[in-house]
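# Residue-level structural notes
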Amino acid sequence: MAESLRDIRRKTQAVEKTKQITRAMNMVAASKLKNAQVRMENFKPYAEKVLEVLNSLASRVMSTTNPLLAVRESQRIRLLLITSDRGLCGGFNTNVIKMAEGFIREKKKEGKEVSVIAVGKKGRDYFKKKENILSYHIDVLGSFDMSLAVALGEEVIPAFISEEYDELHVAYNEFRNVASQKPKMMKLLPLSPEDFSDEKGESFGGYIYEPSEEELLAQIIPMYLKVQTFNALLQTSAGEHGARMVAMENATSNCEEMIESLTLKFNKARQAAITAELMDIVGGTEALAKSS
Amino acid sequence: MADELLLEIVTPEKMAFSDKVEEVTIPGVEGAFGVLIGHAPLLSAVQCGELDHTKNNKKTYYAIGDGYAEVTGEKVTVLVESCERSDMIDTEKMRRETEELESELAKLSKDDKDYEKVSASLNKAKVRLKVAEKA
């Protein structure tokens, strides 16, 4: 017998416990996901409105004088990498990190400088030794609000204006549905006017502007950036919980499978033990009968 | 009943308010302004301050953060970073917070890099305290 009965039973119990944990994590992730989805829904009207106002303003006063629209020769690139703080969520972080790594490699090949701003522990830990990490924000995704996006915005906007770097990209996980997230790369700075000018803007004609249109535009562009950042944060957070939920569901069903096969093994071993014992007894009595 | 206009206050967290009201006073960057139905279309930046609206001769006060307000003839949309109704703010807590920030600000010199940040938060706390006291 390869394993004793007790060994198998112990193993089964261990797997049973693991299953309990993964199932609990699955449920926790499911409820967090629900919250995250509600927040995403609640944020939508705000984001849409900001974009609408920006659209209308931009189509009226397309000043290229705004420093955040300044296209410079992109030599120094900054990458805002958003990952989760914790693991156990399948390929969620790996995918976005891989994409970011590919992006960095490509840009470096072109002879450009890349530095990273990391949100989330996983991304920071991965690039800690490999790349130049300017700053990081960890343990923030558990509970965050707009102020995190505002803080990030205030970190990157002045640096862009003072020409510390020329281009800002963000790498995050796009939330498609509960079971699927897609790593996504987006250029944030400089903003290209095509991003937000469409023909819809005409409806705002004849407005009174307070202060002037240019000043309003100058104020709303940073706001748009923060909205984009917040959106990326929200999607990553929802995606993280979705990915974890799926991963834990798989883990739970794997545990079940394992328990099943272990139980089978246990039963077989027990039966073998009983048979062996029986054979002993039968053999014993036969021997006794013969000798008498 | 007077003619009513639709007021919507939108924050990143939620739709904070959406209902018909008679009059709105908004803290614009160039001074507070009142809006009645039929106001000329207007787009204004809004600064952290006190917003109130009147319905059935009753005023309700809100402390709001920075943002924008868009006015059309029958609708006002206010987009702000935060919005709290006066009775949702804890007056005692705000008073303490205001005092703490004041003493913190007193320690900093004007060239300190945190000076602007602290004075901005103090300003916000003051607005909230003022609004809270109206509850």
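Cut-offs used in this document
Residues numbered from 1 in each chain as written. Chains lettered and ligands numbered in written order. Predicted model: local features only at pLDDT ≥ 70, side-chain atom pairs only at ≥ 80, totals over all residues. Heavy atoms only, no water. Helix = DSSP H or I, 4+ residues; strand = E, 2+ residues; numbered from the N terminus. Domains from an automatic or database assignment. Contact = heavy atoms within 4.5 Å. Buried area = accessible area lost by both parts, 1.4 Å probe. Polar contact = N/O pair within 3.5 Å; in protein donor to acceptor, adjacent residues only side chain to side chain. Salt bridge = Lys/Arg side-chain N within 4 Å of Asp/Glu carboxyl O. Buried < 20%, exposed > 50% of the residue type's maximum accessible area, 1.4 Å probe, protein only.

### Concerning the environment of Asp280(A)
By secondary structure assignment, the location of Asp280(A) is in helix H5 (residues 213–291). Distance in space between the C-alpha atoms of Asp280(A) and Ser180(A) is 59 Å, their sequence separation being 100 residues.

### Re the domain arrangement of chain B
Residue and element names in this part refer to chain B. Per the domain assignment, the segments making up chain B are domain 1 (5–86) and domain 2 (90–132). Spacing between the C-alpha centres of domain 1 and domain 2 amounts to 24 Å. In this assembly, eight residues from domain 1 lie in contact with six residues from domain 2. Here domain 1 meets domain 2 over a buried area of about 650 Å², counting both sides, of which 65% is carbon and sulfur. Our count for the contact surface shared by domain 1 and domain 2 stands at two residue pairs in polar contact (both at pLDDT 80 or more).

### Thoughts on the interface of chain B and chain A
In this complex, chain B contributes 23 residues to the contact, which on the side of chain A involves 24 residues. Approximately 2,100 Å² of surface area, both sides summed, lies buried where chain B meets chain A, with 65% of it carried by carbon and sulfur atoms. Considering only the side of chain B, the residues that lose the most area to chain A are Pro12(B), Leu43(B) and Tyr68(B), jointly responsible for 32% of the buried surface there. Between Glu70(B) and Lys49(A) there is a salt bridge, with the nearest N and O atoms lying 3.1 Å from each other. Applying the counting rule to chain B against chain A returns nine residue pairs in polar contact (both at pLDDT 80 or more).

### Re the pattern of salt bridges
In this structure the tally under the stated criterion is 30 salt bridges over all chains. One salt bridge connects Asp139(A) with Lys121(A), and the closest N-O pair in it is separated by 3.5 Å. Of this pair, Asp139(A) sits in the loop between strand E3 (132–137) and helix H4 (146–161) while Lys121(A) sits in helix H3 (residues 121–127); the two residues are 18 residues apart in sequence, bridging distant segments of the chain. Under the relative-accessibility criterion, Lys121(A) is labelled partly exposed at 27%. Notably, a salt bridge pairs Arg85(B) with Asp87(B), separated by 2.9 Å at the nearest N-O pair. Classification of Arg85(B) by relative accessible area gives partly exposed; the value is 35%. Several salt bridges share partner residues, and in doing so they unite Glu16(A), Lys19(A), Arg23(A) and Glu256(A) into one network.

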